[in-house]
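Single-letter residue listing:
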Amino acid sequence: RSKDEGGGSHFAYEPQMHAHAEERRKLEFALRHALERDELELAYQPVVDAETEEVLSFEALMRWNSAEFGRVSPAKFIPIAEDTRLIVPIGEWALRRACDEAARWPSNIRVAVNVSAEQMLDANFASTVVSALASSGLAPERLELEVTESIFLRDGGAAQNTLNQIQTLGCGIALDDFGTGYSSLGYLRNNRFTTIKIDRSFVTGAAKDSPESLAIIRAVVAMCDALGMETTAEGVESERELERIRQLGCTKIQGFLFGRPMGALEASALLESRTERRIA
Ligand code: C2E
Ligand code: MG
Ligand code: MG
Ligand code: MG
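Residues numbered from 1 in each chain as written. Chains lettered and ligands numbered in written order. Predicted model: local features only at pLDDT ≥ 70, side-chain atom pairs only at ≥ 80, totals over all residues. Heavy atoms only, no water.

- As annotated in an unreviewed UniProt entry, the protein carries the name GGDEF domain-containing protein and comes from Croceicoccus mobilis.

A look at the overall build of the protein
Inference 1: Of regular secondary structure, the protein possesses eleven helices and nine strands.
Inference 2: For the protein, the C-alpha radius of gyration of 20 Å lies close to 19 Å, the compact-globule estimate for 280 residues.
Inference 3: Seen through its C-alpha atoms, the protein measures out along the principal axes to roughly 65 × 50 × 40 Å.
Inference 4: Out of the 280 residues in the protein, the part that is buried amounts to 46%.
Inference 5: Excluding contacts between residues fewer than 6 apart, the proportion of contacts in the protein whose partners are at least 24 apart in sequence is 67%.
Inference 6: Seen as two clouds, the 31 positive and the 43 negative side-chain charges of the protein have centres 1 Å apart. (Helix = DSSP H or I, 4+ residues; strand = E, 2+ residues; numbered from the N terminus. Rg over C-alpha atoms; globule rule 2.2 N^0.38 Å. Buried < 20%, exposed > 50% of the residue type's maximum accessible area, 1.4 Å probe, protein only. Contact = heavy atoms within 4.5 Å. Lys, Arg positive; Asp, Glu negative; His and termini not counted. Charge placed at Lys NZ, Arg CZ, Asp CG, Glu CD.)

Structural notes on the pairing of strand E7 (residues 195-198)
Inference 1: Across the two faces of E7 the burial is the same, with Thr195 and Lys197 and Ile196 and Ile198 all buried.
Inference 2: As paired strands, strand E6 (residues 172-178) and E7 are joined by three bridges and run parallel to one another. Note that in E7 the partner of alanine 174 across the bridge is threonine 195.
Inference 3: A crossover links E6 with its parallel partner E7, the connecting element being helix H7 (residues 185-190), and its sense is right-handed.
Inference 4: Both E7 and strand E8 (residues 230-233) contribute to a ladder of four bridges, which runs parallel. The residue bridging lysine 197 from the neighbouring strand is threonine 232, located in E8. (Pairing = 2+ DSSP bridges. Right-handed = clockwise from strand over helix to strand, strands pointing away.)

Thoughts on unusual backbone geometry
Inference 1: Positive phi outside glycine occurs at arginine 85, with the angle close to 65 degrees.
Inference 2: By the element assignment, arginine 85 lies in the loop between helix H2 (74-83) and helix H3 (87-102).
Inference 3: Of note, aspartate 209 is a non-glycine position whose phi angle comes to about 60 degrees, a positive value.
Inference 4: Looking at aspartate 209, the relative accessible area reads 38%, which means it is partly exposed.

Some points on the packing of helix H9 (residues 211-227) against helix H10 (residues 239-248)
Inference 1: Interaxial distance between H9 and H10 falls to 9 Å at its minimum, and their mutual angle equals 45 degrees. Classified by the angle their axes make, H9 and H10 are oblique. Here Leu214, Ile217, Arg218 and Val221 of H9 lie close against H10, whose contacting residues are Arg244, Ile245 and Leu248.
Inference 2: For the contact of H9 with H10, the per-class residue count stands at five nonpolar, no polar and two charged. (Axes fitted to C-alpha atoms, helices over the stretch in contact; angles between N-to-C directions. Parallel < 35°, antiparallel > 145°, perpendicular 65-115°, else oblique. Nonpolar A, V, L, I, M, F, W, Y, C, P; charged D, E, K, R; others polar.)

With respect to the coordination of the magnesium ion (ligand 2)
Inference 1: All of the protein donors around the magnesium ion (ligand 2) are Glu59 (OE), Asn114 (OD1), Glu146 (OE) and Asp176 (OD); their distances to the metal are 2.0 to 2.2 Å.
Inference 2: A gap of 3.9 Å separates the magnesium ion (ligand 2) and the magnesium ion (ligand 3), which aspartate 176 links by coordinating each metal. Of this pair, glutamate 146 sits in strand E5 (residues 143-147) while aspartate 176 sits in strand E6, and the two are 30 residues apart along the sequence. (Donors = N, O, S within 2.8 Å, 3.2 Å for Na, K, Ca; no water.)

Now the structure itself:
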């Protein structure tokens with residue numbers, strides 16, 4: 001690192017930027033070996049029916065327990081996996097694992113798997129889904145793939161193609177984190193999403209009586225009802241949030257109030273003892 005690399009005020013920030021890049025490089029290196037070292041796991045978070053509070057599905061969420069760094073948050077390692085395209089093999093592992101585990105649940109319970117843009121734009125993605133379903137024996141209708149609007153930004157045509165293929169298979173498609181990106185209505189016109197997941201920031205806002213959050217959720221729910229799509233409220237943590245979300249008419253709820261992401265064994269146990277529904 002030489003002095004003439006940066007100039008002026010930029011120079012003052014350099015050590016910090018350098019430390020950040022260094023940490024990222026180390027994490028990236030460790031992540032390259034996470035699969036073979038068996039350091040990845042899936043946690044499952046229940047999604048419940050807004051009216052009956054019955055568990056409908058679980059969202060599979062990746063967990064990395066690194067020998068070197070301990071537990072690393074997905075907020076940190078998923079972006080690294082995306083930038084390096086490591087998300088393609090790691091995401092395939094997650095898809096296969098989730099299908100295998102969900103195949104053992106009662107047949108009315110579905111599983112949702114997050115899919116990054118890099119995976120959607122990979123020409124083999126649909127055949128990977130076919131293969132994961134075939135080898136697990138999971139019915140396609142029990143698998144829902146969660147995508148974000150970012151899939152349309154780089155190569156809308158390719159993303160559209162893959163979405164169509166997946167839909168033809170019979171899998172559900174959820175639009176995740178709705179409201180945080182471009183939220184273009186064109187995406188909703190051109191795609192048959194099964195579920196729109198309303199971002200947690202709106203849920204929080206609604207419970208604080210933010211007129212904007214309330215109006216936006218109300219509008220999204222009305223639109224989804226008209227289009228035959230379900231609405232999941234993300235990140236419901238309190239009774240107050242639950243009450244608001246019910247009033248607003250979201251059809252499904254996910255959040256710490258009904259359950260934190262849990263191990264596969266715990267998820268199975270939850271399904272077996274369905275009398276006690278609130279396990280937060
Ligand atoms: P996401 O798909 O929007 O997942 C929901 C996130 O919100 C999860 O964070 C979950 O633990 C958290 N959450 C759920 N309920 C509550 C709540 O009541 N309060 C709060 N504060 N948070 C709640 P997590 O597991 O840290 O995952 C973060 C993000 O990482 C996910 O956001 C998703 O974008 C990404 N991700 C996780 N697993 C995978 C994966 O297997 N593949 C891909 N491509 N991305 C993944
Ligand atoms: Mg998700
Ligand atoms: Mg989300
Ligand atoms: Mg989110």
